[in-house]
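Residue strings, one per chain:
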Amino acid sequence: DQQVKQNSPSLSVQEGRISILNCDYTNSMFDYFLWYKKYPAEGPTFLISISSIKDKNEDGRFTVFLNKSAKHLSLHIVPSQPGDSAVYFCAASARVNTGNQFYFGTGTSLTVIP
Amino acid sequence: DVKVTQSSRYLVKRTGEKVFLECVQDMDHENMFWYRQDPGLGLRLIYFSYDVKMKEKGDIPEGYSVSREKKERFSLILESASTNQTSMYLCASSSTSGRYMGTEAFFGQGTRLTVV
């Protein structure tokens, strides 16, 4: 069963506006939540993360919000730029045995329209 | 900079062939992972490894095996390639200790495998 879910397969936003990507999870034992950006034919690149003990983390145009009671996180991109057009994966990290494992959502394809 | 390198960007193999996908990381990471990415299905974990010679099945291990003889290298093996294994394969590594534990997985550039 999918432990990390992204229910919106795609999103289109005008350049300069806010993009909001959403993610839900089921496991309350996750330690960290991460967002990755992926261009076609390339590996995912890390964007921003948040610890489970925080509710907000900001890095430039990117802000991640965590609502633990709702088991929901979101990524805000302000202002959106055409170069932000990519697939965004939400991920969660948990301790497993002696290491950690990452669980990924199915991705949201963001298109920023110039 | 952390570097995770996959041996091939594009690969075309025939049905029934044994296929080896190689991955090398240079950050002395303990954890290494193999995922496949398919449209609408996201990244699905095939196998992972916490240490040398150690391996654990992920969500979709059928038809695959792995080898980790050295800490920096994690190989994915398709025992007998089939057309439903046509996919993008992604290798990743992460630290299992210290302040960065669990905070980030570093990915290779991916291998687009086509089985014909």
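Computed from a prediction, not measured in an experiment: that's the story for all the values here.

Asker: Sorry if this is basic, but what is going on with the overall build of chain A here?
Answerer: Scanning chain A for helices and strands turns up zero helices and 11 strands. If you list the helices and strands of chain A from N to C, you get β-β-β-β-β-β-β-β-β-β-β. Taking 2.2 N^0.38 as the reference for a compact globule, 114 residues should give roughly 13 Å; the C-alpha atoms of chain A span a radius of gyration of 14 Å, in line with that estimate. With 114 residues in all, chain A has 46% of them scored as buried.

Asker: What is the right way to read the overall build of chain B from this model?
Answerer: Looking only at helices and strands, chain B features zero helices and 12 strands. For chain B, the succession of helices and strands along the chain, N to C, is β-β-β-β-β-β-β-β-β-β-β-β. Taken along its principal axes, the extent of the C-alpha atoms in chain B is 45 × 30 × 25 Å. Out of the 116 residues in chain B, the part that is buried amounts to 52%. Considering only contacts in chain B between residues 6 or more positions apart, those separated by 24 or more positions represent 56%. Here chain B displays about 5,500 Å² of accessible surface, and carbon together with sulfur accounts for 49% of that area.

Asker: What should I look at first to understand the pairing of strand β5 (residues 45-51) of chain A in this one?
Answerer: For a regular strand, the rule is simple: side chains alternate between the two faces of the sheet. Residues and elements named next belong to chain A. Counting buried positions along β5 yields five of seven residues, so the element is predominantly enclosed. With six bridges joining them, strand β4 (residues 32-38) and β5 adopt antiparallel strand pairing. Looking at the pairing, Tyr36 lines up with Phe46 of β5. Where β4 folds back onto β5 in an antiparallel hairpin, the turn is made up of six residues, including Ala41, whose phi is positive at roughly 65 degrees.

Asker: Is there a simple way to explain the sheet that holds strand β6 (residues 56-59) of chain A in this structure?
Answerer: Strand-to-strand pairing in sheets goes through backbone hydrogen bonds, with the strands running parallel or antiparallel. Residues and elements named next belong to chain A. Taken in spatial order, the five strands line up as β1-β3-β8-β7-β6 in an open sheet, and their pairing is antiparallel. Looking at the sheet topology across the chains shown, the edges are occupied by β1 (4-5) and β6. Note that β6 and strand β7 (residues 62-67) share four bridges and pair antiparallel. Pairing of Asn57 across the sheet is with Val64, part of β7.

Asker: When you look at the state of the cysteines in this model, what are you seeing that I'm missing?
Answerer: Covalent bonding between the sulfur atoms of two cysteines is what defines a disulfide. Taken as a whole, this structure holds two disulfides over all chains when the rule is applied. Two residues, Cys23 of chain A and Cys90 of chain A, share a disulfide whose sulfurs are 2.0 Å apart. Around the S-S axis, the bridge from Cys23 of chain A to Cys90 of chain A shows a dihedral of about -75 degrees and counts as left-handed. Highlighted residues: Cys23 of chain A in strand β3 (residues 19-25) and Cys90 of chain A in strand β9 (residues 86-96), separated in sequence by 67 residues. Residue Cys23 of chain A is classed as buried on the basis of its relative accessible area, which comes to 1%. Note that Cys23 of chain B is cross-linked by a disulfide to Cys91 of chain B, the S-S spacing being 1.9 Å. Across the S-S bond linking Cys23 of chain B and Cys91 of chain B, the dihedral sits near -75 degrees, which makes this disulfide left-handed. Of this pair, Cys23 of chain B sits in strand β4 (residues 23-25) while Cys91 of chain B sits in strand β10 (residues 87-94), and the two are 68 residues apart along the sequence. You can call Cys23 of chain B buried: its relative accessible area is 0%.

Asker: So what exactly am I meant to see when it comes to the packing of aromatic side chains here?
Answerer: Geometry of an aromatic ring pair is reported as the spacing of the ring centres plus the angle between the planes. Within this structure, the stated rule accounts for 15 aromatic pairs over all chains. Arranged with centres 5.7 Å apart and planes meeting at 75 degrees, the rings of Phe104 of chain A and Phe107 of chain B form a pair that is edge-to-face. Placement of Phe104 of chain A in strand β10 (residues 99-104) and of Phe107 of chain B in strand β11 (residues 106-107) is noted, with the two residues assigned to different chains. The exposure classification of Phe104 of chain A matches that of Phe107 of chain B, with both residues buried. Linked through ring pairs, Tyr36, Phe46, Phe102 and Phe104 of chain A together with Phe33, Tyr35, Phe48, Tyr50 and Phe107 of chain B together constitute an aromatic cluster.

Asker: Can you walk me through the interface of chain B and chain A in this structure?
Answerer: How large an interface is tends to be reported as the accessible area lost when its parts come together. Between chain B and chain A, the residue contacts involve 28 residues of the former and 23 residues of the latter. Where chain B abuts chain A, roughly 2,000 Å² becomes buried across the two surfaces, and 58% of that area is made up of carbon and sulfur atoms. Counting across the interface, chain B meets chain A through zero salt bridges. Linking chain B to chain A there are five residue pairs in polar contact (both at pLDDT 80 or more). Counting residues per element, the ones that place at least two in the side of chain B that touches chain A are β5 (31-38), β6 (42-49) and β10 of chain B.

Reading guide: rules and limits
- Residues numbered from 1 in each chain as written.
- Chains lettered and ligands numbered in written order.
- Predicted model: local features only at pLDDT ≥ 70, side-chain atom pairs only at ≥ 80, totals over all residues.
- Heavy atoms only, no water.
- Helix = DSSP H or I, 4+ residues; strand = E, 2+ residues; numbered from the N terminus.
- Rg over C-alpha atoms; globule rule 2.2 N^0.38 Å.
- Buried < 20%, exposed > 50% of the residue type's maximum accessible area, 1.4 Å probe, protein only.
- Contact = heavy atoms within 4.5 Å.
- Areas by Shrake-Rupley, 256 points an atom, 1.4 Å probe, with all protein chains shown as cover.
- Pairing = 2+ DSSP bridges.
- Disulfide = S-S within 2.5 Å.
- Phe/Tyr/Trp six-rings, centres within 6.5 Å; stacked < 30°, edge-to-face > 60°.
- Buried area = accessible area lost by both parts, 1.4 Å probe.
- Salt bridge = Lys/Arg side-chain N within 4 Å of Asp/Glu carboxyl O.
- Polar contact = N/O pair within 3.5 Å; in protein donor to acceptor, adjacent residues only side chain to side chain.

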